[in-house]
Every structure is written in structure tokens, then in C-alpha cells.
Amino acid sequence: MNSVISSFERVMMPLAAKISSNRYLLAMRDAFSMLLPFIIVGSFFGIMEWVVLDPWGTIMGANGMNLGQTFTGLDTAGDAYKASGFVATMQVLQGLCNNVVTVGFGVFSFLLVAAFAYRLGQNWGGDPFQTALVALGAYIIMTPQAIPGADGKMVGAFSLDYFGNKAVLTSIIVATVSAWLFVKLSQNKKLRIRMPETVPPAVAKSFEVLVPVFFTLAIFTVFATILSQGQFFGKKALNDLIYAIIQAPLMGFSQGLGFSLLYQFIVWFFWWFGIHGHNVTAAIQNMVYMPAQLANQAGDASYIFSNGFFEAGLMHVMALVIAIFIFSKKDSWRAVAKVGAPAMLFNIQEPLAFGLPIVLNPLLLIPYILAPLANTVVGWLALSSGLVPIFKYVVPWTMPLFFGGTIGTGSIAGGLLQVVWLVMDVFIYAPFVIMGNRIKDEEEEEEEA
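A quick note: this is a predicted structure, and the numbers were derived from the prediction, not measured. (Residues numbered from 1 in each chain as written. Predicted model: local features only at pLDDT ≥ 70, side-chain atom pairs only at ≥ 80, totals over all residues. Heavy atoms only, no water.)

**Notes on the overall build of the chain**
Our working definition: Secondary structure elements are taken from DSSP: a helix is a run of H or I of four residues or more, a strand is a run of E of two residues or more, and numbering for both begins at the N terminus. Only protein chains enter the area calculation, which uses a 1.4 Å probe; residues under 20% of their type maximum are buried, those over 50% are exposed, and those in between are partly exposed. Note on areas: these come from Shrake-Rupley sampling with a 1.4 Å probe, and a residue is covered only by the protein chains present in the view.
Regarding its fold elements, the chain presents 23 helices and two strands. In the chain, which comprises 449 residues, the proportion classed as buried is 47%. Only carbon and sulfur atoms are counted for the fraction: they give 67% of the accessible area of the chain, which is about 21,100 Å².

**A few points about the packing of helix α2 (residues 23-34) against helix α3 (residues 36-52)**
Using the following cut-off: Fitted lines through C-alpha atoms serve as axes, helices being fitted only where they are in contact, and the angles separating the N-to-C directions of these axes extend from 0 to 180 degrees. Our angle categories are set so that under 35 degrees counts as roughly parallel, over 145 as roughly antiparallel, 65 to 115 as roughly perpendicular, and the remainder as oblique. In what follows, a contact means two residues having at least one pair of non-hydrogen atoms within 4.5 Å. Asp, Glu, Lys and Arg are counted as charged, while Ala, Val, Leu, Ile, Met, Phe, Trp, Tyr, Cys and Pro are counted as nonpolar; the rest, among them Gly, fall into the polar class.
For the pair α2 and α3, the least separation of the axes is 4 Å and the interaxial angle reads 40°. As far as their axial angle goes, α3 and α2 are oblique. Here Phe32, Ser33 and Met34 of α2 come into contact with α3, specifically with Leu36, Pro37 and Phe38. Grouping the amino acids of the contact of α2 with α3 by side-chain chemistry returns five nonpolar, one polar and no charged.

**Digging into the side chain of Gln130**
With respect to the helices and strands, Gln130 occurs in helix α8 (residues 128-141). Filtering out sequence-adjacent residues up to four positions away, Gln130 remains in contact with Phe182, Ser206 and Val209.

**Digging into the environment of Ile219**
By secondary structure assignment, the location of Ile219 is in helix α11 (residues 210-228). Distance from Ile219 to Leu181, taken between C-alpha atoms, is 9.4 Å for residues 38 residues apart in sequence.

**Some points on the packing of aromatic side chains**
For any pair of aromatic rings, geometry is given as the distance between the ring centres together with the angle between the planes. This is how it is decided: Geometry of aromatic contacts follows a simple scheme: Phe, Tyr and Trp rings, the Trp one being its six-membered ring, pair when their centres are within 6.5 Å, and the pair is stacked under 30 degrees between planes, edge-to-face over 60, tilted otherwise.
The tally for this structure, following the rule as stated, stands at 21 aromatic pairs. When the centroid spacing of 5.9 Å and the interplanar angle of 85° are considered together, the rings of Trp56 and Tyr81 count as edge-to-face. Remark: Tyr81 occurs in helix α5 (residues 79-82) and Trp56 occurs in the loop between α3 and α4 (67-72); sequence separation between them is 25 residues. A relative accessible area of 0% places Tyr81 in the buried class.

Take a look at the structure:
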């Protein structure tokens with residue numbers, strides 16, 4: 001066993017070191033890490049909004065624990081329940097929770113621009129704060145500033161579709177280009193405006209970057225103006241253009257098992273590196289698998305691979321928690337698993353990803369990617385054979401195990417599929433958790449010394 005671990009480490013550790021030393025990817029990872037508190041807090045309030053407070057949700061609704069009827073004595077499917085003060089109070093509380101969810105998810109891409117550009121500014125030798133501000137300005141310029149009003153006329157406003165996780169790829173591109181342009185221009189001494197020494201340092205520094213800011217934002221303004229004419233695929237926004245370019249080629253492959261496995265590999269490899277894989281690949285999810293989900297729900301199609309299918313398979317990290325409780329002798333792992341288990345009940349894996357850690361841990365790379373790939377194959381077999389119905393209904397990704405599969409497919413078979421996935425994943429993780437017992441943490445080595 002020790003020789004297997006040693007051989008595995010010899011192969012994986014150099015790979016992990018090479019990836020982790022890439023300054024651009026490191027900046028991206030750090031940017032996502034900076035936003036981690038917003039994601040976790042937003043997820044918590046999302047659980048409260050979608051699972052606990054929803055009058056027809058998992059806790060209150062007839063398809064769940066039906067506590068709404070217990071509290072009110074009214075049929076949750078009736079008009080009296082809908083018009084009750086209880087439902088009104090729950091909806092007010094949902095609205096309050098939604099405000100926090102919007103910060104964590106609704107404007108995630110906007111926050112990512114600032115965080116990513118800040119780290120790129122540090123890496124490339126520019127002023128990180130100024131770089132972040134310029135990137136935010138560029139992102140606003142590239143975002144349509146009008147949406148259809150109630151009467152169909154355009155009104156001055158922003159759509160959250162251009163600020164949430166649907167625009168992650170756009171935010172990465174804008175942050176990268178704007179940060180590079182600004183830093184390169186600001187490093188050109190000929191473009192700096194020198195102020196007298198009597199001028200306050202903050203003002204003098206602002207004038208030094210005045211010309212670089214002007215040229216950077218001007219370039220984005222020109223590009224946004226050209227794009228607004230609809231000459232590229234008829235799209236007037238960068239985010240829409242990216243979707244148009246990527247969506248057409250992907251539509252023909254999205255339902256293939258091979259493409260779905262590749263998609264899962266990319267998602268979870270990004271996660272292993274410390275980058276939110278689902279946000280990075282949100283373009284694929286929103287362009288391909290969400291439309292498939294909506295088509296299933298409308299009864300227009302019967303797609304096996306849909307948004308609901310993949311969200312139902314998020315529980316594989318819970319299998320790692322169970323494997324740790326059963327097989328691990330490492331106190332550090334067991335302590336993190338105890339803390340992370342409650343969050344994993346609602347598919348929030350960040351405490352485990354960064355606490356064990358899973359991130360850049362060569363021992364856990366194989367099972368961390370193998371488990372979702374195995375789930376995809378088994379799920380494909382189960383749905384294509386008719387043993388489990390297709391995932392038809394949109395279910396919050398925070399829905400607990402069994403409930404998510406049952407509600408998503410409209411059948412208990414969907415919940416049982418999740419249980420099968422979980423048991424299978426425990427066996428996948430188990431050998432690697434047992435291997436981990438033979439690897440001492442730095443703290444354990446210090447204690448023995």
C-alpha cells in the first residue's frame with residue numbers, strides 16, 4: 001500500500017505543483033476564494049428561501065413534510081391556504097432571504113470581475129485597486145443598460161442575467177483583457193501625467209493613471225458600440241455573443257455520453273484546483289442543459305442529460321464524508337467531516353473542499369473526478385433503460401438527497417437513484433481514504449517530533 005501511495009504521489013504532486021504555480025490560474029482560484037463567503041452565505045439563505053420558507057416547498061409543501069398544513073390546518077393545495085396570512089408571512093421572509101441570495105449569486109459575475117482583476121493587477125505589477133476599478137468600469141460598458149419594460153418599451157436598467165453566474169465566462173474575459181490593457185498602459189512612463197510634489201499623493205497617483213484609464217475604457221466603449229449594432233450573430237451584448245458562438249456547436253453533442261463525461265470532468269477538475277467548476281462552466285449549463293431541462297418540463301422532449309440530472313449527482317462529496325466516518329483514522333479529516341457534513345446535506349461542499357482539503361490534494365483527485373463520472377454512466381444506463389424517469393422538474397440545487405431526485409423525476413425511482421449513487425461513491429472513495437490513514441499531516445509529524 002505504501003508503494004502505491006508513493007508512486008501515486010510521484011506522479012500527481014509534480015502535476016499539482018505545476019498547476020498551482022501558474023500565476024493566471026492562481027489568480028483565478030484566489031478570486032473565487034475571495035468570493036467564497038458570499039457563496040456560502042448566499043447558499044444558506046437560498047436554503048432558507050427555497051427549502052424552509054417556501055409555502056409549497058420541501059418543508060411546508062404537500063410534496064415534503066407538509067408542515068404548512070400542520071401550522072394552518074388548511075389544505076396546502078387550496079385557495080384558502082394561498083390567501084392565508086401564514087403564506088403572506090413566508091413570502092415576505094422569502095423576499096428578505098432573496099436579497100442576500102442576490103448578493104451571493106445574482107451579482108456574482110460583477111463581484112468576480114473586481115476580485116479577479118485585483119489579483120491580476122497584483123500579478124502583473126499594476127495597482128490592484130485601480131485595476132479592479134477599471135475592470136468594473138469596462139464590465140459596465142460591455143453590459144446592456146436597457147431592458148424591456150412592462151409595456152415592451154426599453155427602459156434604462158440592468159438585467160441580472162448579465163451579472164449572475166450566467167455571465168461568469170464574460171466576466172473572466174473582460175477582467176483579463178481590461179486588467180492586461182490597463183497594467184501595460186500604466187507601466188508606460190510616457191503616458192503618465194506628473195503632478196508637482198505639493199499635490200497630495202492620492203491625487204498625484206490618480207493623474208498618473210488618467211491616460212491608461214481613458215484608453216482602456218475607450219477601447220471597450222468602441223467595441224461595445226460596434227457590438228451594439230448587432231453585426232455579430234445578431235447579438236448586441238458580449239455575453240449573448242459568447243452564448244451564440246458556443247451554443248450551436250454544443251447542441252449536437254450535449255446528449256452524448258462522451259460529451260457529458262467530458263463536461264463532468266471539466267467541472268470537477270476546476271473544483272479540485274479550487275475554482276468553482278459550476279460557475280466556470282455555467283455557459284454550457286445555461287446554454288445546453290438548462291434548455292434541455294425546460295424542454296423536459298414542458299413535455300416537448302425527453303432528454304436524459306439535463307440540468308436536473310447533474311444537480312442530482314452533486315452528493316458524491318457526501319460519500320467522501322461517509323467514507324471518512326467509516327474508514328478514516330485521521331483526527332483532522334474526521335473533525336472537518338463533522339463540520340462539513342451539515343452543509344453537504346444541502347450540496348454545499350466548500351467547507352470540505354478547502355478544509356480537508358480536497359483542493360490540490362493529489363490523493364483525492366482520482367475519486368473526486370471518478371465518482372461523478374461513474375454517476376453519469378450509471379444514471380445514463382438507468383434513464384435510458386426506463387428504470388428511472390427523466391429529470392423533468394426544476395428543483396433547487398440545494399435540495400437534500402433523495403428529495404431532489406424524487407421531486408425532479410416525479411418518481412421515487414429518482415430518489416433511489418441518488419441513494420445508489422451515494423453507496424457506489426462511498427466504495428469509490430473508501431480505498432483512497434484508507435490510503436490517507438498512512439499519510440501523516442504536518443501537524444501530526446510535528447507532534448511526534
